[in-house]
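# Observations on chain architecture
If you want the building blocks of each chain, they are given just below.
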Amino acid sequence: MSHSSGVDAFADRFRHALSCNNDAGNINKPDFRELDLGSPVSPLRTTRAPAASTSSSSSGSFSGRTGPNQVPRKPESSLTNSNTNNSCSSNHNNNNSGELSGSSENSPTARGFKPGHTRSDSGSAPGPLIYSGQTATSPAMNVLPTGNICPSGKILKTGMGMVANRSSRSDVLGSGMGNYGHGSIMRGGGKAEPVSSRGGGGNEAVKRGGHVQGVDPEELKRLGNECYKRGNFADALSLYDRAIAMSPASVAYRSNRAAALTGLGRLGEAVRECEEAVRLDPNYGRAHQRLASLFLRLGQVENARKHLCYPGMQADPSEMQKLQVVEKHISKCGDVRRIGDWKSVLREVDAAVAAGADSSPQLFLCRAEAFLKLHQIDDAETVLSHIPKSELHTSSTSQARFFGMLSEAYFYFVRAQIEMALGRFENAVTAAEKASGIDPRSVEVAVLLNNVRMVARARMRGNDLFKSERYTEACSAYGEGLRLDPSNSVLYCNRAACWFKLGQWERSIEDSNQALHIQPNYTKALLRRAASNSKLERWEEAVKDYEVLRRELPNDNEVAESLFHAQVALKKSRGEEVYNLKFGGEVEEVSGLEQFRAAISLPGVCVVHFEVASNSQCKQISPFVDTLCGRYPSINFLKVDIEENPGVATAENVRIVPTLKIYKNGSRVKEMVCPSREMLEHSVRHYSF
């Protein structure tokens, strides 16, 4: 071969290569390029669209790779060949997050199609892919969705553009549900989970907080709104939280989150969320409206008015009227509280709550204070225990004032009074000190703190003197405390104990009565009065008090014995004959008709339990009869098994068990067939006097 022929052959091959480039495109390029791998749901990089060899599948996959000898046709797109690359760059810059917006309203090619679905005809150029609710034109030959699947079907392994902390698990193409980008691409080979665009059961993946590709904040907000409308506030809150995490500066998301928190009863957190929305956008009207409504429910009239009448906003007349009604009742509540008209305080609190301030901790605290002053200590403690203590305080709520003191200080102010009334003096001092620390300028708080400390000191000194058996001095110490706190039932009861030790039983009864007037269920005061009445031989009064104590303290053996002796003494004082009564008797078992007749003929009251040992109802009531025997020792209790003693059953005409009969001085006065426990004890108590 000559040199010139070799040159000619080389030139022929060069010309052939140029011709192939012009005819068939870049067929000698590799299957893929090292592309910038951003988010798996980044916009497709649009250049030229290949001719479709098959219809696009419902899973969102497409057939667009040309064979080695095929020449790609121009795409049916508004983008021309001359500006393809510029258009792709512009599309990417308009979506800085790397995701499409999810709103089909902005997509001119989405008309006539359901969001998240594609439509194409076999043999024609493929239509645009619907991607998270928007459109993107089909990719050109050898150009892939950024960071997804290469034409060979394998995962593209490259470090270019990869997120540093991306998981090393493999990415696979999921089953797809017609929403390309909503459920097609998964990590780790797991099953893809679609997100329904209609807000039905398909929202579960979003609600659970799982990472669902292609869902933008607006979609999360829409799903949250649907949950909110159905009353699923917890699910709505979770969705709004995710939207805020993606777009923390959105005032609409924060306002919606406040609405969900309100639905869950978490008003303090709702206030904080609305305040953050107002901080981000001081002119956002919806947040101001929500804040006004929340502050009104919390009873904070001034804060509510500030947001309801915000400059540049027109106040809602109905909300304004509601605010004025609440303000009127709260103001009147303060007036009657100042003069100590506590019944009127309760009425005004109820009226303010009914008018709209239904979640005001301070109004409920005022109700507890009124109950305390009306000597309804149990009711006051119940109200206090049901006031939420974990309510979050914001700068606005913590600075609100009620009755001249800061709202948070008022909580400890009322608590200190209730603790003092219940005799928990150390707790009362602690609560008063907290109130003073929160609002040191409040005169009312300062006076309470001083009184609580002095009363606690007087009570401690009185206790020490009582232990030293210096009862007269102890009386003086308790009296000093009562001058500072004349409604303290504990101090009255303690002084009653001193009078009892000094043998001044009348004065002991007087102080016990004062304590019971303030706290009707005060068992110690009742015990002091019963013991003093016994010393004065006022047996009927003593028996009444011991009966109450026996019901309150059924396992107290000392109370049971005191009751027994008082009952015996009462019978004797009435001239009744008392035979062989002893404390702690047991139910006597009758073994014959003569024994039965002799037992019921004795003076006094006798209760007879007719039973059958194998009967289930008899087994249930028999232990309770034993309890009554110990509880009412002045009554004789008998039991008769009618199967073992048919003569007694025939004489008494007993056919059904359990049957209980009460005899008094030999005569039957009461008969009960299968009685309840309440009915049985009521009858026994009635005939025990």
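Just above sits the structure.
Residues numbered from 1 in each chain as written. Predicted model: local features only at pLDDT ≥ 70, side-chain atom pairs only at ≥ 80, totals over all residues. Heavy atoms only, no water.

### Let's talk about the sheet that holds strand E11 (residues 667–673)
- An order of E7-E9-E8-E10-E11 is seen for the five strands of this open sheet, with the pairing classed as mixed. Both outer strands of the open sheet, strand E7 (588–589) and E11, are each paired with one neighbouring strand and no more.
- Where strand E8 (residues 605–611) lies against strand E9 (residues 636–641), six bridges are found, and the strand directions are parallel. Across the sheet, residue Cys 606 finds its bridge partner in E9, namely Asn 636.
- Of the strands in this sheet, E8, E9 and strand E10 (659–664) are in contact with helix H25 (residues 616–631), which crosses E8 at around 160°.
- Set on the sheet, helix H27 (residues 677–687) makes contact with E8, E9, E10 and E11; between it and E11 the angle comes to about 165°. (Pairing = 2+ DSSP bridges. Helix = DSSP H or I, 4+ residues; strand = E, 2+ residues; numbered from the N terminus. Contact = heavy atoms within 4.5 Å. Axes fitted to C-alpha atoms, helices over the stretch in contact; angles between N-to-C directions.)

### Focus: the environment of Asp 626
- Following the sequence through the fold, Asp 626 ends up in helix H25.
- You can call Asp 626 partly exposed: its relative accessible area is 43%.
- For the pair formed by Asp 626 and Glu 586, sequence separation is 40 residues and the distance between their alpha carbons is 7.1 Å. (Buried < 20%, exposed > 50% of the residue type's maximum accessible area, 1.4 Å probe, protein only.)

### Overview of helix H24 (residues 593–600)
- Burial in H24 covers these residues: Phe 596, Ala 599 and Ile 600. One face of H24 carries all of its buried residues, which in axial projection span an arc of 90°.
- Of the surrounding secondary structure, the elements contacted by the buried residues of H24 are E8, E9, helix H26 (646–651) and E10. (Arc of directions from axis to C-beta.)

### Describing empty space enclosed by the protein
- In this structure the tally under the stated criterion is two cavities of 30 Å³ or more.
- Each pocket or cavity is described by its volume, and for the second largest cavity that value is around 30 Å³.
- Lining the second largest cavity, in full, are Val 587, His 609, Ser 622, Val 625, Asp 626, Leu 638 and Lys 639.
- Among the elements of the structure, H25 and E9 are those that each provide at least two residues to the lining of the second largest cavity.
- If you tally residues by element for the lining of the second largest cavity, the top one is H25, at three residues.
- When grouped by side-chain class, the residues that make up the lining of the second largest cavity number three nonpolar, two polar and two charged. (1 Å grid on protein atoms, 1.4 Å probe; cavity = no way out; pocket = protein on both sides within 12 Å on 5 of 7 lines; lining within 4 Å. Points joined across faces, edges and corners; volume = space filled by probe spheres on them. Nonpolar A, V, L, I, M, F, W, Y, C, P; charged D, E, K, R; others polar.)

### A look at the packing of aromatic side chains
- On inspection of all chains with the given rule, the structure shows eight aromatic pairs.
- Centroid distance Phe 402 to Phe 403: 6.2 Å. Interplanar angle 80°. Geometry classified as edge-to-face.
- According to the relative accessible area criterion, Phe 402 is buried, its value standing at 3%.
- Pairing Phe 403 with Tyr 410 gives two aromatic rings, centres 5.5 Å apart and planes at 75°, and the pair type is edge-to-face.
- According to the relative accessible area criterion, Tyr 410 is buried, its value standing at 0%.
- In this structure an aromatic cluster arises from ring pairing among Phe 402, Phe 403, Tyr 410 and Phe 413. (Phe/Tyr/Trp six-rings, centres within 6.5 Å; stacked < 30°, edge-to-face > 60°.)

### Topic: the nonpolar core
- Val 345 and Ile 418 are the most contacted members of the largest nonpolar core, which totals 107 residues.
- Top contributing element to this core by residue count: helix H15 (residues 407–421), with nine residues.
- Shared between two domains, this core takes at least three residues from each, and those domains are domain 1 (217–312) and domain 2 (487–578).
- If we skip the residues at most four places from it in the chain, Val 345 touches Cys 333, Val 336, Arg 337, Cys 366 and Ala 370. (Core = buried A, V, L, I, M, F, W, Y, C linked by side-chain atoms within 4.5 Å. Domains from an automatic or database assignment.)

### A short note on the packing of helix H6 (residues 251–263) against helix H7 (residues 267–280)
- At a closest axis distance of 8 Å, the pairing of H6 and H7 adopts a crossing angle of 165°. Taken together, H6 and H7 sit at an angle that is classed as roughly antiparallel. Helix-helix and strand crossings are classified by hand; for H6 and H7 the assignment is left-handed. Across from Val 251, Arg 254, Arg 257, Ala 258, Leu 261 and Thr 262 in H6, the residues of H7 making contact are Leu 267, Glu 269, Ala 270, Glu 273, Cys 274, Glu 276, Ala 277 and Leu 280.
- Its residues placed into classes, the contact of H6 with H7 shows eight nonpolar, one polar and five charged. (Parallel < 35°, antiparallel > 145°, perpendicular 65-115°, else oblique. Left-handed = near helix turned anticlockwise from the far one by under 90°.)

### Things to note about the pairing of E9
- Note: E7 against E9, two bridges, orientation parallel. When the bridges of E9 are listed, Glu 589 appears paired with Lys 639.
- Read from E8 through H25 to E9, the crossover connection turns out right-handed. (Right-handed = clockwise from strand over helix to strand, strands pointing away.)

### Some remarks on the environment of Val 612
- Within the secondary structure layout, Val 612 lies in the loop between E8 and H25.
- Judged by relative accessible area, Val 612 falls into the buried class, the value being 9%.
- Among residues more than four places away in sequence, those in contact with Val 612 are Cys 618, Asp 641, Ile 642, Glu 643 and Val 657.

### What to know about the pairing of E8
- The buried fraction of E8 amounts to seven of the seven residues, a majority that puts the element mostly inside the structure.
- On E8, burial covers both faces: Val 605, Val 607, His 609 and Glu 611 on one face and Cys 606, Val 608 and Phe 610 on the other are all buried.
- Bridging between E8 and E10 involves six bridges; their strand directions are antiparallel. When the bridges of E10 are listed, Val 608 appears paired with Lys 661.

### Describing unusual backbone geometry
- Cis geometry marks the peptide bond from Val 657 to Pro 658, where omega comes out at -5°.
- Relative to the helices and strands, Pro 658 resides in the loop between H26 and E10.
- A positive phi is found at Asn 653, a non-glycine position, where the angle reads about 55°.
- Along the chain, Asn 653 turns up in the loop between H26 and E10.

### Quick notes on the environment of Ile 518
- Looking at the element boundaries, Ile 518 is found in helix H20 (residues 505–518).
- The class of Ile 518 is buried, set by a relative accessible area of 4%.
- Along the chain, Ile 518 and Ala 421 lie 97 residues apart, while their C-alpha atoms are 9.1 Å from each other.
- Look past the residues within four positions of Ile 518 in its chain and what remains in contact with it is His 375, Ile 377, Pro 486, Ser 487, Asn 488, Ser 489 and Tyr 492.

### Here we look at the packing of helix H5 (residues 233–246) against H6
- Axis separation between H5 and H6 bottoms out at 9 Å; the angle between their running directions is 155°. The angle between H5 and H6 places the two elements in the roughly antiparallel class. H6 is crossed by H5, and the crossing has left-handed handedness. Of the residues in H6, those touching H5 at Phe 233, Ala 236, Leu 237, Tyr 240, Asp 241, Ala 243 and Ile 244 are Tyr 253, Arg 254, Asn 256, Arg 257, Ala 260, Leu 261 and Gly 263.

These values are about where atoms sit, not about what they do.
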